[in-house]
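Analysis of the macromolecular model
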Amino acid sequence: MPVVFGTAPLHLATERAQANKPVLCYTYAEAVAALGYSDDWKNYTLCEVIKSQFALYNRAPVVFVNVLDPAVHKESVTAQNVALTNHVGYINDPVLLETLKLKETSEGEYLTEGTDYEAAYNDEGILVITALTDGAIAAAVKLVAEYDKLDPEAVDGDDIVGGVDVSSGAVKGLETLNNVFPLFGLVPSVVLAPGWTGDAEIAAVMKAKASNINSHFKAITLNDIPTKTVKKYTDVAKWKNDNNYTDPLQVACWPMVRLGDDIYHMSTHILGVLATVDSDNGDVPNESPSNKTMQINGTCLDDGTEVILGNEQANYLNGQGIITALNFIGGWKCWGNRTSCYPSNTDVKDSMLCIRRMFIWHSTTFIQTYWAKVDKPITKRLIHTILDSENMRLNGLAAEEKILGGRVEFIDSENPTTSLMDGIIKFHTYLSPSPAARDIENVLEYDPTYFQTLFS
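Overview of the structure.

Cut-offs and rules
- Residues numbered from 1 in each chain as written.
- Predicted model: local features only at pLDDT ≥ 70, side-chain atom pairs only at ≥ 80, totals over all residues.
- Heavy atoms only, no water.
- Axes fitted to C-alpha atoms, helices over the stretch in contact; angles between N-to-C directions.
- Helix = DSSP H or I, 4+ residues; strand = E, 2+ residues; numbered from the N terminus.
- Parallel < 35°, antiparallel > 145°, perpendicular 65-115°, else oblique.
- Left-handed = near helix turned anticlockwise from the far one by under 90°.
- Contact = heavy atoms within 4.5 Å.
- Nonpolar A, V, L, I, M, F, W, Y, C, P; charged D, E, K, R; others polar.
- 1 Å grid on protein atoms, 1.4 Å probe; cavity = no way out; pocket = protein on both sides within 12 Å on 5 of 7 lines; lining within 4 Å.
- Points joined across faces, edges and corners; volume = space filled by probe spheres on them.
- Buried < 20%, exposed > 50% of the residue type's maximum accessible area, 1.4 Å probe, protein only.
- Lys, Arg positive; Asp, Glu negative; His and termini not counted.
- Salt bridge = Lys/Arg side-chain N within 4 Å of Asp/Glu carboxyl O.
- Core = buried A, V, L, I, M, F, W, Y, C linked by side-chain atoms within 4.5 Å.
- Pairing = 2+ DSSP bridges.

To describe two helices that pack against each other, one gives the angle between their axes and the distance between the axes. As a packed pair, helix H10 (residues 353-370) and helix H11 (residues 380-399) sit with axes 12 Å apart at the nearest point and diverge in direction by 140 degrees. Classified by the interaxial angle, the pair formed by H10 and H11 is oblique. Read as a crossing pair, H10 and H11 show a hand that is right-handed. On the side of H10, the interface is formed by Trp361, His362, Thr365, Phe366 and Tyr370, while H11 contributes Ile386, Ser389, Glu390, Arg393, Leu394 and Leu397. Its residues assigned to classes, the contact of H10 with H11 comprises six nonpolar, three polar and two charged.

This paragraph deals with the layout of surface pockets. When its volume is computed, the largest pocket comes out at roughly 880 Å³. Forming the walls of the largest pocket are 30 residues, and the residues nearest its centre are Ser363, Phe366, Ile367, Ile425 and Phe427. Those elements giving two or more residues to the lining of the largest pocket turn out to be H10, H11 and strand E21 (428-433). Looking at the lining of the largest pocket element by element, the count peaks at nine residues for H10. Partitioning the lining of the largest pocket into residue classes produces 15 nonpolar, nine polar and six charged. What the second largest pocket holds in volume is close to 670 Å³. If you go around the second largest pocket, you meet 28 residues; those closest to its centre are Met1, Ser189, Asp278, Asp283 and Arg357. Going through the elements one at a time, helix H7 (266-280) and H10 are the ones with two or more residues in the lining of the second largest pocket.

As for its placement among the helices and strands, Arg338 is situated in the loop between strand E19 (332-335) and helix H9 (348-351). The side chain of Arg338 is buried and forms no salt bridge, while Asp347, the nearest opposite charge, is found at 9.3 Å. Each residue touching Arg338, except ones within four places of it in the same chain, is listed here: Asn318, Gly321, Ile323, Ser351, Met352 and Arg438.

If you look at the biggest cluster of nonpolar residues, it comprises 70 residues, and the most contacted ones within it are Leu35, Phe64, Leu222, Ile270 and Met294. The residues touching Ile270, leaving out its near neighbours within four places in the chain, are Leu222, Cys253, Met294, Ile323 and Cys334. In terms of nonpolar packing, the next biggest core, distinct from the first, is built from 20 residues, Leu102, Leu111, Tyr121 and Ile129 among them.

Let us look at unusual backbone geometry. Note that the residue after Ala60, namely Pro61, is joined by a cis bond; omega there is 5 degrees. Summarising the element assignment, Pro61 is placed in the loop between helix H2 (46-56) and strand E3 (62-66). Looking along the chain, the bond that leaves Tyr342 and enters Pro343 is cis, with omega of 10 degrees. Tracing the sequence through the fold places Pro343 in the loop between E19 and H9.

Attention now moves to H2. The element H2 is largely enclosed, with a buried count of eight among its 11 residues. Listed as buried for H2 are Leu46, Cys47, Glu48, Val49, Ile50, Ser52, Gln53 and Phe54. Buried residues along H2 sit against strand E1 (2-6), strand E2 (23-25), helix H1 (28-35), E3, strand E16 (262-264) and H7. Positive phi appears at Asn58, one or two residues downstream of H2, with a value of about 55 degrees.

What the three strands build is an open sheet, ordered E16-E15-E17; its pairing is antiparallel. Only two strands of the sheet have a single neighbouring strand rather than two, namely E16 and strand E17 (298-300). Neighbour-to-neighbour, the strand axes of this sheet turn through a mean angle of 35 degrees, independent of strand direction. Of the pairings in the sheet, the one linking strand E15 (residues 256-259) to E16 comprises three bridges and is antiparallel in character. Residue Arg258 lies in a different strand from E16, and its bridge partner there is Ile263. Strands E15 and E16 of the sheet are contacted by H2, whose axis makes an angle of about 100 degrees with E16.

Rendered as structure tokens:
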């Protein structure tokens, strides 16, 4: 389950979600009702994930955390003229409807909504003011508006990073990641913030938070290397290393991708591919997203400039621990199996994405499965119950070829008497998920002995 941080057009939401509070969405309609939707993805970064996950990949659920706070990130407008044509006028600003006040003149009395006018957003996100024919402004050709409008440009990296309010104790930004499991009973598995993770500080904090969720869980983070500054594939590895995108829990992506006129961050589509592949495998993350279909028709920079990557260039990026997209055989595919720690760390449990995710998934599943056993009396029956149950599960995964094999043991040397007296028991799981077959080779040899077939 992904948790996505960013900004949302709350002025368009019909059931407005609270800022800095995780929102669980299973459908496009739920997401739009709680967060609103706008094609202005530069200012409202959550919207590209809403469209990608629900419209392009049709995968759910998703938890969204909007950091754009209408109480903070706003600007007041005191005298905006609104021209009326055939009783209808328009305001293009992201108006917070509850703050809208209208007068016929700047010195006049405030008008009454529902009696003198109606105000609502149309499908293009433009506020429509309609003068009612039986109201006080039926003959008006101009109105004067006062309102507060959202100011998404006031949101910065500090809002994404978040923290704890010293006066109220409320958490904001990435600090809310620890609220997801208590709120919904679902463990975050992927964390991303498209449009923000090109900032090394944000990426570092996101990695730190994802490595210790509720003191028990871990998740991977999807990070975009910024195409505004890194415009050539040969410069990507240096930027990645200079900015310390080198952790086993990090996935580095470059460049951006497009579908028609829409330009997406690569991380958004990698999320869609991960969700699709996991779903196809019974929600077990044993298979790599590499060489799986992406819903795109090109790669590009932030400004739309086309990026053409051949097999050699894409493999070079993979060799530097960077996931990209490739149009080689069978259409556009995600391309790359490595986490960001590669090539400096070649330990397969850290550097191969599908294996890293399997270890995270297995740890999470173990905790959730046997949490009910915590505080039971330490007895031989308790130990063997966990051993038998877990070995049966591992055998089942091996039979389904989700892993090559696995076993769990209760080892004497890892359970000294002092630990047992203190109520601590430790199990040791040996696990071998399958690596991705990233290189399939075929040797061709000319065999002259087949000339004998001419004489048979």
